[in-house]
Structure formats: structure tokens, C-alpha cells
Amino acid sequence: MPTKLIVDCSTGVTTEVELTAEEIAQREADAAAYAAQKAEQDAAEAAKAVAKASAEAKFAALGLTTEEIAALIK
Amino acid sequence: MGNRNNLYSLWNSGGIMANTYVHISSTTVTSGTTVSLTSIPQTYTDLLLLVSARSDYTGGGAVSMAMSFNSNASSYTSKSIQYYGPSSVVSNNDTTATYNGITGAQARAMATGVSPVTTVSTFGSSSIYIPNYTSSNYKSYSVDTVTEANSAASNSPHGILFAAGLWSNTAAITSIDFGIEVGDFVSPSTFYLYGIKNS
């Protein structure tokens, strides 16, 4: 069972409490949202990497050296 | 032992420093999804929180937290700059986030997730500084965070983040709640709270 931790800073007493059904439902919704956002971020980064490689190939076809391409891209 | 009064002149000339940096509480989390620090003493000027955290989430990536003051769910804004992966630099304008029932400021990338690109037993390390936490003004805070991974993979969660935040509320801060974005805390995630006096 998932739990939450409550710390009383005045006494140092720590209490571990089981989550309610509502809190568990929220937890599952948060996990699904995180997975969707992570997949979107990964796809965007992969697309950016593909576009970068394509741009480098086109610059190379124009006759630019590796150093010149790096100077342009960075 | 000599007479304590003999130290009077030495104390007043700065030869003995007052005890201005005081440990309030240490919390080690072995599992679970949220941590609540309650009944925070109102006897200091500033608060410093040192957080070391890791999530057992297996999907990869650095995991954020929601951080709320006094269990209040509104009036949080923050700006952050984050550098992660091989060369990704992003700036963020954040308001609130809800993670595991905690609605508060989004504290990005404060815990490291578990994945094939994340080194075993590495944790995200953060320091959160909250000046004038008992004042009747709005409360500002700053966060600096590093996450570890020891990997150059494009989706590697290692990186660094700096954030400046504001809670537009005049109440003194008496409690701080943290909810992890996804997964459970891995042992030994820790929360150390310190009080700092200006005198």
C-alpha cells in the first residue's frame, strides 16, 4: 500500500500513513500524465536530432568542412 | 571551569559566533510518495532544506516534485533554467503542479528516476532557501538542484537546475509538503531542515 510521511518538526515524531483511495487514484493519474509528457519530450528531442543530422548533411553537400558546420550550428 | 562571565568581552567582539545555523529535523524516507514537514518552529529568520531523493520510476528521466507551503494550493510562480542531456538548455515559467495529492510549486528535477541510463543508487540533490519565512510579506525562495546519471545518452537525466520562486501569500510558513511526480521514494531519500538566524 502506498504511503505518505508526516514529520512533526517540533517533536521529531514521524508518522507513516497509508494513502486513501482518492489519493491512490490521483497518484495513478499523475503517473499517466508523466508518461505522456515524457514520451512527447523524447519524441521532440528525437525529431530535433534528426533535423540536426539532416542540416549537417546538407551543409556538407554544399562543401562546408566539419569545423565550419560545427561553427554554424553551435 | 572558569566563570562564564569572563567570556563576555570576547563574545561581544565577535570572538565567539552565535549559534545561527541550527538543525531542525532529519527525515529519511524509505518508501511512499509524499513528505510533510509540519510544526516548523517560528524562531528563525530563514529556512534551508537539503533534499536528496530518488524515485523508483522505471520510465527514465529526472523526476520533479510539487512543494506546497502550509498545504496551500495556489499563488505559486517560479522561473527556472535547466541544463540536461548532451546540450539541452531550457527556461521554464511555472505555476502550480499536483503530484500525489500535493498541489504546490513545481520543483523540477529534484529526484532522479530509475532507468537503463540512470546509474544505480544516484540521487538528485537539492537545496531550497526560504528567507524571512515568518514575515508578513510574500515569500520568495530559491532552488538549486543537480541530478546524476553518469551517462551521455540523449535522455540521460543528469543535469543542473536553478530556480527562483514566489509564494504570493503573507502567512508565516509553518509546514512544507512534498509530492513526488511519479513512482515512490527510494531509501534513503532524505530531507534535512535547518533554521538560520540573522543574529
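Now for a look at the structure at hand. Keep in mind that this is a model prediction, so the values were computed, not measured.

### A look at the sheet that holds strand β11 (residues 159-167) of chain B
Residues and elements named next belong to chain B.
Phase 1: The sheet built from 8 strands is open, its strands ordered β1-β13-β3-β9-β10-β11-β5-β6 with antiparallel pairing. Strands at the two margins of the open sheet, each flanked by one partner only, are β1 (21-29) and β6 (88-94). Each adjacent strand pair in this sheet contributes to an overall mean axis angle of 10 degrees, direction not counted.
Phase 2: Pairing geometry for strand β5 (residues 76-84) and β11, over 9 bridges, is antiparallel. Residue pairing in the sheet places Tyr83 in a bridge with Ile160 of β11.

### A look at the pairing of strand β12 (residues 176-180) of chain B
All names here are of chain B.
Phase 1: Within β12, 5 of the 5 residues are buried, leaving the element largely enclosed by the surrounding structure.
Phase 2: Burial along β12 is two-sided: the residues Ile176, Phe178 and Ile180 and Asp177 and Gly179 are all buried.
Phase 3: Sheet topology note: the strand β2 (residues 34-38)/β12 ladder contains 4 bridges and is antiparallel. Looking across to β12, one finds that Leu37 is bridged to Ile176.

### Digging into the interface of chain A and chain B
Phase 1: Between chain A and chain B, the residue contacts involve 23 residues of the former and 26 residues of the latter.
Phase 2: Residues belonging to the side of chain A that touches chain B are distributed by class as follows: 9 nonpolar, 5 polar and 9 charged.
Phase 3: Where strand β1 (residues 3-8) of chain A meets β2(B), 5 bridges bridge the pair, whose relative direction is parallel. Within β2(B), the position partnered with A:Asp8 by the bridge is B:Thr38.

Definitions and cut-offs
Residues numbered from 1 in each chain as written. Chains lettered and ligands numbered in written order. Predicted model: local features only at pLDDT ≥ 70, side-chain atom pairs only at ≥ 80, totals over all residues. Pairing = 2+ DSSP bridges. Helix = DSSP H or I, 4+ residues; strand = E, 2+ residues; numbered from the N terminus. Axes fitted to C-alpha atoms, helices over the stretch in contact; angles between N-to-C directions. Buried ≥ 20, exposed ≤ 12 C-beta atoms within 10 Å, placed from the backbone. Contact = placed C-beta atoms within 7 Å. Nonpolar A, V, L, I, M, F, W, Y, C, P; charged D, E, K, R; others polar.

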